[in-house]
Amino acid sequence: MPPSSEGEPSPLSEREFELQTSTKVSYYRRRKPLGHGGVGIVHEAQQLALGRDVAIKAAHADLPPDEARQLLLREARVTSVLEHPSIVPIYALAHNGNGRPIIIMRRIQGETWGARLLRTSAMRSEERLSEHLELLEQVARIVHFAHGRGIIHRDLKPENVLLDGEGHVRLS
């Protein structure tokens, strides 16, 4: 469904949401937590049928179910509109064992920009500045891409910038 005139996805009824989220969590084996933010927590998991690692985002348990459903659905819809190699893709929407919505997405192996900032704090300042300005330029290009499509990232911070093992920047 296209975003509403304000750039926000139109809300789905519970039935429409159920039809779009037929994947069962039993197809995934949850592992360690990867991070958390204002809306939820992200865990590493294995997609059993394909044997691949994925990331699963679930809303915080203290969020009311309807609010959690709408927040995660909005995030998944907005992200899915932004087909870009540097934006972490959404694989599926599903429900966990408690019936709460989750987002299943690509698992990016590497570190966050926040972790890199801490790890490189002992580097010479010129080297460190050069590396981080290069990363900032890549992030700016990704954000520009999203802005060109009317999308604003509401939680842009170093912990949401992922650096994979090949030197690519990914925005989550």
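This is a predicted model, so every value here is computed, not measured.

1. Details of the side chain of Asp164
Here comes step 1: As for its position among the elements, Asp164 is in strand β8 (residues 161-164).
Here comes step 2: In terms of polar contacts, Asp164 uses its side chain to reach the backbone amide nitrogen of Glu166, at 2.9 Å.
Here comes step 3: Here the side chain of Asp164 touches Gly167 through a polar contact of 3.1 Å, landing on its backbone nitrogen.
Here comes step 4: The residues touching Asp164, leaving out its near neighbours within four places in the chain, are Ile108, Gln109, Gly110 and Arg170.

2. Comments concerning the packing of aromatic side chains
Each aromatic ring pair is summarised here by two numbers: the centre-to-centre distance and the angle between the ring planes.
Here comes step 1: Applying the stated criterion to the full structure yields zero aromatic pairs.
Here comes step 2: Residue placement shows Arg52 over the ring face of Tyr91; its charged tip is 3.9 Å from the ring centre.

3. Here we look at the sheet that holds β8
Here comes step 1: What the three strands build is an open sheet, ordered β7-β8-β9; its pairing is antiparallel. Sheet topology places β7 (110-112) and β9 (169-171) at the edges, where each strand pairs with a single neighbour. On average, each strand axis in the sheet is inclined to that of its neighbour by 30 degrees, with strand direction left out of account.
Here comes step 2: Pairing of β8 with β9, which is carried by three bridges, proceeds in the antiparallel orientation. Within the sheet, the bridge partner assigned to Leu163 lies in β9 and is Val169.
Here comes step 3: Running at roughly 40 degrees to β9, helix α4 (residues 125-147) makes contact with β8 and β9 of the sheet.

4. Notes on the pattern of salt bridges
Should their charged atoms come close, side chains of opposite charge can pair.
Here comes step 1: Using the criterion set out here, one finds 13 salt bridges in the structure.
Here comes step 2: Among the ionic pairs, Glu44 bridges to Arg107, the shortest N-O distance being 3.1 Å. Taken together, the residues Glu44 in strand β3 (residues 40-47) and Arg107 in the loop between β6 (101-106) and β7 connect sequence positions 63 residues apart.
Here comes step 3: A relative accessible area of 9% places Glu44 in the buried class.
Here comes step 4: The shortest N-O distance in the salt bridge between Arg124 and Glu126 comes to 3.3 Å. Across the pair, exposure class does not vary: Arg124 and Glu126 are exposed alike.

5. Brief notes about the side chain of Thr120
Here comes step 1: Tracing the backbone through its elements, the reader meets Thr120 in the loop between α3 (113-119) and α4.
Here comes step 2: What makes Thr120 buried here is its relative accessible area of 4%.
Here comes step 3: Looking at Thr120, its side chain comes within polar contact range of the main-chain oxygen of Leu117, at 3.5 Å.
Here comes step 4: Side-chain polar atoms of Thr120 contact the side chain of His132, separated by 2.9 Å.

6. Focus: a nonpolar patch on the surface
Here comes step 1: A cluster of nonpolar side chains, namely Leu129, Leu133 and Leu136, defines an oily patch on the protein surface of about 290 Å² accessible area.
Here comes step 2: Tracing the backbone shows Leu129 in helix α4.
Here comes step 3: Assessed through its relative accessible area of 52%, Leu129 is described here as exposed.

7. Re the pairing of strand β2 (residues 28-36)
Here comes step 1: As paired strands, β2 and β3 are joined by six bridges and run antiparallel to one another. Paired with His36 across the two strands is Ile41, which belongs to β3.
Here comes step 2: Adjacent in sequence and paired antiparallel, β2 and β3 are bridged by three residues.

Rules of the game
- Residues numbered from 1 in each chain as written.
- Predicted model: local features only at pLDDT ≥ 70, side-chain atom pairs only at ≥ 80, totals over all residues.
- Heavy atoms only, no water.
- Helix = DSSP H or I, 4+ residues; strand = E, 2+ residues; numbered from the N terminus.
- Polar contact = N/O pair within 3.5 Å; in protein donor to acceptor, adjacent residues only side chain to side chain.
- Contact = heavy atoms within 4.5 Å.
- Phe/Tyr/Trp six-rings, centres within 6.5 Å; stacked < 30°, edge-to-face > 60°.
- Lys NZ or Arg CZ within 6 Å of the ring centre and 35° of its normal.
- Pairing = 2+ DSSP bridges.
- Axes fitted to C-alpha atoms, helices over the stretch in contact; angles between N-to-C directions.
- Salt bridge = Lys/Arg side-chain N within 4 Å of Asp/Glu carboxyl O.
- Buried < 20%, exposed > 50% of the residue type's maximum accessible area, 1.4 Å probe, protein only.
- Patch = residues over 30% accessible without salt bridge, like charges linked within 9 Å, V, L, I, M, F, W, Y side chains within 5 Å.
- Areas by Shrake-Rupley, 256 points an atom, 1.4 Å probe, with all protein chains shown as cover.

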